[in-house]
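The chain contents come next:
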Amino acid sequence: MTLGGTLTAAADARAAHRTAASWPYTELDVPALRAGGWRPTPVHDVVLKVHQRCNLACDYCYVYTQTDQSWRDRPAQMSEEVWRAAVARLAVHAHRHGLTSVRVILHGGEPMLFGVARLGELADEIRAALPAGCAVEIGMQTNGVLLDEAAVHQLRDHGILVGVSVDGVAADHDRHRRAPNGRGSFAAVRAGLDLLRRPENRAAYAGILCTVAPDTDPVACYEQVLAFEPPLVDFLLPHANWQQQP
Ligand code: SF4
């Protein structure tokens, strides 16, 4: 058989396998697994995407500016019926597995578009629903643009830890993290971070998420991030794959 023929036969075999068993759950024998001692691993970390839209249009955003445009067909925000159902299911899960800790991250899009009062209500409901012996950590990852004084105080008072995305110095940040009208967001994000750094708000300051483009000056970026005095920093590269390299 030629190389081309071999590859064609292999592709045919893979296609036949996909058709016969497109998802392996049909091959799982859970009772047999349990009898052999297997136990499911309970979920401790949950990401709730409470708002599907964003007030920024970052050029590397894998939600809005790249291939997967499925967000267009989804509701703009999580309905009360859905978030209450999610809280109820999480409580059942925590009870059933005797969880001693749970972490919930409020995410988006931009979660602040959900409204800070509703975020506080949701956080309170999560805490009230989970068992007494279960430590609950509630965090939020925001682009920081809507963090004014009143919002930061409400988030702090509802025990929501705030992580902020900022990409180093103003020029680098504003090259990528822009509003739909093209305006950079660094000034607004810096103002939000200055609020979180205040002693009375520090307990609500979770840290910084910093996306580092390959053409970024790493030292300038690092020094700028340190100037925001974050308790924790996550650095990451822009989303990339073979078709779309950074
Ligand atoms: S802030 Fe986040 S969700 Fe919004 S456009 Fe930028 S990367 Fe995407």
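For clarity, every value in this text was computed on a predicted model and none was experimentally measured. (Residues numbered from 1 in each chain as written. Predicted model: local features only at pLDDT ≥ 70, side-chain atom pairs only at ≥ 80, totals over all residues. Heavy atoms only, no water.)

Asks: What should I look at first to understand the side chain of Gln141 in this one?
Replies: Note on placement: Gln141 falls in strand S3 (residues 135–142). A polar contact is formed between the side chain of Gln141 and the side chain of Ser165, at a distance of 3.1 Å. Not counting residues within four places of it along the chain, the set of residues in contact with Gln141 comprises Ile105, Leu106, His107, Pro111, Gly163, Val164, Ser165 and Leu209. (Helix = DSSP H or I, 4+ residues; strand = E, 2+ residues; numbered from the N terminus. Polar contact = N/O pair within 3.5 Å; in protein donor to acceptor, adjacent residues only side chain to side chain. Contact = heavy atoms within 4.5 Å.)

Asks: Which parts of the structure should I look at to understand unusual backbone geometry?
Replies: Most peptide bonds take the trans configuration, and most residues that are not glycine carry a negative phi. Cis geometry marks the peptide bond from Gly108 to Gly109; its omega dihedral reads 15°. Mapped onto the secondary structure, Gly109 falls in the loop between strand S2 (101–107) and helix H4 (116–129). In this model, Glu229 sits at a positive phi of 50°, which is unusual for a non-glycine residue. Within the fold, Glu229 resides in the loop between helix H8 (218–227) and strand S6 (233–236). Taking relative accessible area as the criterion, Glu229 reaches 43% and is therefore assigned partly exposed. (Buried < 20%, exposed > 50% of the residue type's maximum accessible area, 1.4 Å probe, protein only.)

Asks: For this particular structure, what's the right way to read the site of the ligand?
Replies: The environment of the ligand is formed by Cys54, Leu56, Ala57, Cys58, Cys61, Tyr64, Gly109, Asn143 and Arg177. For the shell around the ligand, the residue count by class is 6 nonpolar, 2 polar and 1 charged. (Near = heavy atom within 4 Å. Nonpolar A, V, L, I, M, F, W, Y, C, P; charged D, E, K, R; others polar.)

Asks: It is not clear to me how the environment of Arg89 should be interpreted in this structure. Could you clarify?
Replies: Among the structural elements, Arg89 can be located in helix H3 (residues 80–97). Classification of Arg89 by relative accessible area gives exposed; the value is 55%. Linking Arg89 and Ala129, residues 40 residues apart in sequence, is a C-alpha distance of 9.7 Å.

Asks: So what exactly am I meant to see when it comes to the packing of aromatic side chains here?
Replies: How two aromatic rings sit relative to each other is set out by the distance from centre to centre and by the angle between their planes. Going through the model one piece at a time under the given rule, you end up with 3 aromatic pairs. Aromatic side chains Tyr64 and Trp71 sit 4.9 Å apart centroid to centroid with 75° between the ring planes, which places their arrangement in the edge-to-face category. Residue Tyr64 is classed as buried on the basis of its relative accessible area of 15%. Its end group placed over the ring of Phe114, Arg118 keeps NZ or CZ at 4.0 Å from the ring centre. (Phe/Tyr/Trp six-rings, centres within 6.5 Å; stacked < 30°, edge-to-face > 60°. Lys NZ or Arg CZ within 6 Å of the ring centre and 35° of its normal.)

Asks: What should I look at first to understand the pattern of salt bridges in this one?
Replies: Any two side chains of opposite charge can pair, so long as their charged atoms come close to each other. Within this structure, the stated rule accounts for 11 salt bridges. Put simply, Glu125 and Arg84 hold a salt bridge, and the shortest N to O gap is 3.5 Å. Placement of Glu125 in helix H4 and of Arg84 in helix H3 is noted, with a sequence separation of 41 residues between them. By relative accessible area, which is 32% here, Arg84 ends up partly exposed. In this structure, Arg175 and Asp172 form a salt bridge, with 2.2 Å as the shortest nitrogen-oxygen distance. Taken as a pair, Arg175 and Asp172 lie in helix H6 (residues 170–176) at a separation of 3 residues, close to a single helical turn. In this structure, a network of salt bridges that share partners links the residues Glu80, Arg84, Glu121 and Glu125. (Salt bridge = Lys/Arg side-chain N within 4 Å of Asp/Glu carboxyl O.)

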